[in-house]
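Residues per chain are reported as follows:
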2 protein chains.
Amino acid sequence: MDELHEYEKDGAAIYRASFATIREEADLSRVPADLEKAAVRLIHACGMVDLVEDMDFSADVASAAKAALQAGKPILCDSEMVAHGVTRKRLPADNQVICTLRDERVPEHAAAIGNTRSAAALDLWEEHLEGSVVAIGNAPTVLFHLLNRLAQGGPRPAAVLGFPVGFIGAAESKEALAATRDLPFMTVHGRRGGSAMAAAAVNALASETE
Amino acid sequence: MDELHEYEKDGAAIYRASFATIREEADLSRVPADLEKAAVRLIHACGMVDLVEDMDFSADVASAAKAALQAGKPILCDSEMVAHGVTRKRLPADNQVICTLRDERVPEHAAAIGNTRSAAALDLWEEHLEGSVVAIGNAPTVLFHLLNRLAQGGPRPAAVLGFPVGFIGAAESKEALAATRDLPFMTVHGRRGGSAMAAAAVNALASETE
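Nothing here was measured: the structure is a model prediction, and the numbers come from that model.

(A) A look at the interface of chain A and chain B. Listed as interface residues are 46 residues of chain A and, on the opposing side, 46 residues of chain B. For the pairing of chain A and chain B, the buried interface totals around 4000 Å² over both sides, and the portion due to carbon and sulfur atoms is 64%. Summed over the three residues of chain A that lose the most area to chain B, namely Y7, M81 and F167 of chain A, the buried surface amounts to 18% of that side. One can count two salt bridges joining chain A with chain B. Across the pair E25 of chain A and R191 of chain B runs a salt bridge whose closest N-O atoms are separated by 2.8 Å. The tally of links between chain A and chain B comes to 14 residue pairs in polar contact (both at pLDDT 80 or more). For the side of chain A that touches chain B, the secondary structure elements donating two or more residues are α1 (11-25), α2 (36-46), α4 (80-85), α8 (140-151) and α10 (195-206) of chain A. Ranked by the residues each element gives to the side of chain A that touches chain B, the list is headed by α1 of chain A, at seven residues. Taken together, the residues of the side of chain A that touches chain B sort by class into 20 nonpolar, 17 polar and nine charged.

Shown next, in the form of C-alpha cells:
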C-alpha cells in the first residue's frame with residue numbers, strides 16, 4: 001500500500017546524514033580533536049548547532065574519561081533518564097551504569113542532610129565514586145554537592161560530564177565546575193543541558209564508533 | 001564544616017523559583033489556559049524560554065490527553081528515556097508506561113518492514129494504541145510511521161505528544177503531525193525536541209499539581 005508520507009527509514013543513513021549536517025553547520029574549530037565526536041553527539045542530542053558556543057571542557061577530559069571506562073570504572077548518573085540514555089553496547093568493559101535516585105534510603109537521607117533527593121542519592125555512590133565517570137543531566141544540586149565534597153577531600157571521579165539544565169542554579173553550578181582547576185570536566189554553560197546531553201557525552205567518549 | 005559553594009537545596013523551592021522565572025520571561029500569551037502548565041514544563045525541561053515560539057498544538061489536546069489518562073489508558077513511548085522521564089506518582093490511574101524498543105522481536109521486524117528499530121517497536125503497540133497517549137521524544141521515523149498507519153485506518157491514539165529531535169526528518173515529521181486535521185497533538189516545530197520534552201508534556205497533562 002502506498003504511504004502518505006515518504007521519509008528516510010535507514011537508521012544508519014539517518015545517523016550519517018545527521019552527523020554530516022552538524023559538521024557542515026557547526027563551528028567545531030575550537031573543539032579539540034579528541035572531543036570532536038562528543039561535540040557532534042551533544043549537538044545531535046538537542047538539534048542546536050550553536051550549542052558548541054557554550055561548550056566548555058578541560059583538555060584532559062576525553063583521555064581521562066576514556067581511560068576510566070576502559071579500566072572498567074562505573075558511570076554514575078544523577079537521573080534514570082541519563083542512565084537509560086547510555087548505550088550499553090558502546091561501553092568498553094561492560095561498565096556498570098548506576099543511578100541511586102530510587103534507592104529506598106534516599107528520602108530519609110535527603111531530609112537528614114537538608115538537600116534534594118538527587119543530592120542525597122549522590123551520597124550513596126560512595127564506594128563507586130573514586131575514579132568513576134560522573135554524568136549529570138538534571139540537578140544542579142548534585143553538581144554543587146559533588147564539588148563541595150571534593151573540596152572537603154571526598155573521593156574523586158576521573159571525569160565529570162556535567163549538564164544540569166534549567167533556571168535555578170544550573171548555570172552557576174556549571175561555572176563552579178569549570179572553575180575547578182584539577183578535575184577533568186565537560187559542560188555546556190548557561191541554562192541549556194539535560195539528560196540527553198549527559199548520555200550523549202558518555203556515549204561519545206565510550207567508543208570511537210560513530 | 002563550611003561548604004565551598006552555597007546553593008538552594010530545597011527541591012520544592014527550586015521548582016517554585018524555576019516556574020516563576022519561566023512565567024516572568026516567557027511569552028505564554030498564545031498558549032491556551034489548559035496548556036499553560038505544559039508549556040511551562042516544556043521550557044523547564046530544556047532551559048529555553050523562547051521554546052514557546054515553536055510550540056504548536058490542537059485546541060483539544062489537553063482535554064483529550066487528560067481524559068485518556070483519567071480513563072486509565074496507557075502512555076506509549078518511543079524511547080526508554082521518555083518512559084523513565086514520566087513521573088509515575090503524577091499518573092491519575094496508575095497508567096501503564098510502555099516502551100517496546102527492547103522487545104526481542106524488534107530487530108527482526110525492523111528488517112522485515114525496512115524501517116528503523118524505533119518504527120518497528122511501534123508495531124508492537126498494536127493492542128494498546130487505540131485511545132492511548134503517545135509520547136515521542138526521539139525518532140522522526142516513529143512519528144511518520146504512526147501518521148502513515150493512521151492514514152491507512154490504523155488504531156487511533158487519543159493524543160500524540162510529538163517531540164522528535166534532530167536534523168533528518170524531525171522538523172518534517174512534526175509539520176506532518178500538525179497538518180493532520182483530526183488528531184489531538186502537541187509539538188515543538190523545528191529541530192528542537194527530545195525525550196525530556198515528551199516526558200514533560202506527559203507529566204504536565206497527567207496532573208494539575210505543579
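That covers the picture; the talk isn't over yet.
(B) View of the nonpolar core. In terms of nonpolar packing, the biggest core is built from 110 residues, with I43, M55 and M186 of chain A together with I43, M55, I75 and M186 of chain B touching the most fellow members. Once residues within four sequence positions are removed from consideration, I43 of chain B is found in contact with F167 of chain A together with I22, A26, L28, M48, V49, L51, V52 and M55 of chain B.

(C) Up close: helix α10 (residues 195-206) of chain B. Residues and elements named next belong to chain B. Relative to the 16 Å expected for 12 residues at 1.5 Å per residue, α10 spans 16 Å between its end C-alpha atoms, a close match to the ideal helical length. In terms of burial, α10 is largely enclosed, as 11 of its 12 residues are buried. Along α10, the residues that are buried comprise S195, M197, A198, A199, A200, A201, V202, N203, A204, L205 and A206.

(D) Main features of the pairing of strand β5 (residues 159-162) of chain B. Residue and element names in this part refer to chain B. Going residue by residue along β5, you find A159 and L161 tucked away on one face and V160 and G162 tucked away on the opposite face as well. As paired strands, strand β4 (residues 133-136) and β5 are joined by four bridges and run parallel to one another. Of the residues in β5, the one forming a bridge with V133 is A159. For the crossover that starts at β4, traverses helix α8 (residues 140-151) and ends in the parallel β5, the hand is right-handed. As judged from the three bridges shared by β5 and strand β6 (residues 185-188), these two strands associate in the parallel manner.

(E) A look at the pairing of strand β6 (residues 185-188) of chain A. Residue and element names in this part refer to chain A. Burial along β6 is two-sided: the face carrying F185 and T187 and the face carrying M186 and V188 are both buried. Here strand β1 (residues 55-57) runs beside β6; their pairing, made up of three bridges, is antiparallel. Looking across to β6, one finds that F57 is bridged to M186. The handedness of the strand β5 (residues 159-162) to β6 crossover, carried by helix α9 (residues 170-179), is right-handed.

(F) Quick peek at the sheet that holds strand β4 (residues 133-136) of chain A. All names here are of chain A. Taken in spatial order, the six strands of this open sheet run β1-β6-β5-β4-β2-β3, and their pairing is mixed. Single-partner strands in this sheet number two, and they are β1 and β3 (97-98). Relative to the sheet, α9 contacts β1, β5 and β6, its axis offset from that of β6 by approximately 150 degrees.

What counts and what doesn't
- The written sequence of each chain sets the order in which its residues are numbered from 1.
- Written order decides the labels, with chains lettered from A and ligands numbered from 1.
- In keeping with the model being predicted, local features are shown solely for residues with a pLDDT of at least 70 and side-chain atom pairs are shown and tallied solely at 80 or more, while totals for entire chains, interfaces and linings include all residues.
- Excluded from the side-chain calculation are hydrogens and water; included are all heavy atoms of the structure.
- Every residue pair with non-hydrogen atoms within 4.5 Å of one another is taken to be in contact.
- Summed over both partners, the accessible surface that disappears when two parts come together, traced with a 1.4 Å probe, is what is meant by buried area.
- For this analysis, a salt bridge means a side-chain nitrogen from Lys or Arg found within 4 Å of a carboxyl oxygen belonging to Asp or Glu.
- Under this definition, polar contacts are N or O atom pairs within 3.5 Å; protein pairs additionally need one hydrogen-donor-capable and one acceptor-capable atom, and for neighbouring residues in sequence, both atoms have to be side-chain atoms.
- Strands here are runs of E lasting at least two residues and helices are runs of H or I lasting at least four, both read from the DSSP assignment and numbered beginning at the N terminus.
- Polar here means any residue other than Ala, Val, Leu, Ile, Met, Phe, Trp, Tyr, Cys and Pro, which are nonpolar, and Asp, Glu, Lys and Arg, which are charged; Gly is therefore polar.
- Buried residues of nine kinds, namely Ala, Val, Leu, Ile, Met, Phe, Trp, Tyr and Cys, make up a nonpolar core once their side-chain atoms join them within 4.5 Å.
- Only protein chains enter the accessibility calculation, which uses a 1.4 Å probe. A residue is then buried if its area is under 20% of the maximum for its type, exposed if over 50%, and partly exposed in between.
- By this rule the span expected of a helix is its residue count minus one, scaled by 1.5 Å.
- For two strands to be treated as a pair, DSSP must find at least two bridges joining them.
- Place the viewer so that the strands point away; then a crossover is right-handed whenever the path from the first strand over the helix to the second strand goes clockwise.
- A fitted line through C-alpha atoms represents every axis, and for helices the fit uses only the stretch in contact; the resulting angles, taken between N-to-C directions, go from 0 to 180 degrees.

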